[in-house]
Amino acid sequence: MEVSSQKLNTFLMFKLPSAWLTGVRVKEIDENHCLTTVKHSWINQNPFNSLYFAVQAMAAELSTGALVMASIKASKRPISMLVAQNKSRFTKKATGKISFICNDAHLISAAIEETIKTGEGQTFWMRSHGVNEDGQEVSVFDFEWTIKLK
């Protein structure tokens, strides 16, 4: 199966329904970056009438995780992936449509090559930037991914 926006969004509906129901969607993915979006609405708001932090985290994680999934698929090896830890920073109230972009795909290949070569698990950090419709940063998420051969 080719990794595409449409296939990832179908995957969300069946395997991550909370992300799908709250409006998280993959808009673009290629070998260099992944763009996800989510629009503030009643179902995903916090008591302060902005996008709940956990919904932002889902969209941000997906922008990094989709790239990891695509790289693992391209390696044609049985490799597992898991988030070990994450950090976040919120800089502005998230309202309207928020886009999360990860441009760290280049970090994955070396980790996959090393885990295949050594058989040992590898870790690496990936960053996703969240911006509103005006291009203003609302949040930044860092995810530490772990991968290892199955």
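Cut-offs and rules
Residues numbered from 1 in each chain as written. Predicted model: local features only at pLDDT ≥ 70, side-chain atom pairs only at ≥ 80, totals over all residues. Heavy atoms only, no water. Helix = DSSP H or I, 4+ residues; strand = E, 2+ residues; numbered from the N terminus. Rg over C-alpha atoms; globule rule 2.2 N^0.38 Å. Buried < 20%, exposed > 50% of the residue type's maximum accessible area, 1.4 Å probe, protein only. Contact = heavy atoms within 4.5 Å. Areas by Shrake-Rupley, 256 points an atom, 1.4 Å probe, with all protein chains shown as cover. Lys, Arg positive; Asp, Glu negative; His and termini not counted. Charge placed at Lys NZ, Arg CZ, Asp CG, Glu CD. Pairing = 2+ DSSP bridges. Axes fitted to C-alpha atoms, helices over the stretch in contact; angles between N-to-C directions. Salt bridge = Lys/Arg side-chain N within 4 Å of Asp/Glu carboxyl O. Arc of directions from axis to C-beta. Phe/Tyr/Trp six-rings, centres within 6.5 Å; stacked < 30°, edge-to-face > 60°. Lys NZ or Arg CZ within 6 Å of the ring centre and 35° of its normal.

A. Quick peek at the overall build of the protein. Looking only at helices and strands, the protein features 4 helices and 6 strands. Put simply, the protein runs from its N terminus to its C terminus through helices and strands in the order α-α-β-β-α-β-β-α-β-β. Relative to its length of 150 residues, the protein is compact, with a C-alpha radius of gyration of 15 Å against a globular reference of 15 Å. Over its C-alpha atoms, taken along the principal directions, the protein stretches across nearly 50 × 30 × 25 Å. For the protein, with 150 residues in total, the buried portion stands at 41%. Nonlocal contacts in the protein, meaning residues at least 24 apart in sequence, comprise 67% of its contacts between residues at least 6 apart. Only carbon and sulfur atoms are counted for the fraction: they give 53% of the accessible area of the protein, which is about 8,300 Å². Between the mean site of the 17 positive side-chain charges and the mean site of the 14 negative ones, the protein shows a separation of 7 Å.

B. Local environment of the sheet that holds strand β1 (residues 25–29). One open sheet holds the 6 strands; their spatial order is β1-β2-β4-β5-β6-β3, and the pairing between them is antiparallel. The sheet is open, and its two edges are formed by β1 and β3 (79–90), each paired on a single side. Pairs of neighbouring strands in the sheet enclose a mean axial angle of 25°, with direction left out of account. The strands touched by helix α4 (residues 106–118) within the sheet are β3, β5 (122–131) and β6 (137–149), with β5 carrying the most contacts at an inclination of about 160°.

C. Here's a closer look at the pattern of salt bridges. Scanning the model with the defined rule gives 3 salt bridges in all. Notably, a salt bridge pairs E114 with K117, separated by 3.7 Å at the nearest N-O pair. Of this pair, E114 and K117 both sit in helix α4, 3 residues apart, which is roughly one turn of that helix.

D. Region of the structure containing helix α1 (residues 5–15). For α1, the full list of buried residues reads S5, L8, N9 and L12. In a view along the axis of α1, the buried residues occupy a sector of 100°, so they form one face of it. Within α1, the exposed residues directed more than 90 degrees away from the buried face are Q6, F14 and K15. Tucked inside the fold, the buried residues of α1 contact α2 (17–21), β1 and α3 (53–75).

E. Geometry of the environment of Q136. Mapping Q136 onto the fold places it in the loop between β5 and β6. Of the residues examined, Q136 reaches a relative accessible area of 37% and is grouped as partly exposed. Spatially, the C-alpha atoms of Q136 and A94 are 9.8 Å apart, while their sequence positions differ by 42 residues. Contacts of Q136, omitting those with residues within four sequence positions, involve K92, G130 and V131.

F. Quick peek at the packing of aromatic side chains. Summed over all chains, the structure comprises 4 aromatic pairs. Relative to F141, the ring of F90 lies with its centre 5.6 Å away and its plane at 85°, an arrangement referred to as edge-to-face. Placement of F90 in strand β3 and of F141 in strand β6 is noted, with a sequence separation of 51 residues between them. For F90, a relative accessible area of 39% gives the class partly exposed. Accessibility expressed as a relative area gives 1% for F141, which makes it buried. Here K87 stacks its cationic end above the ring of W125, 4.6 Å away from the centre of that ring.

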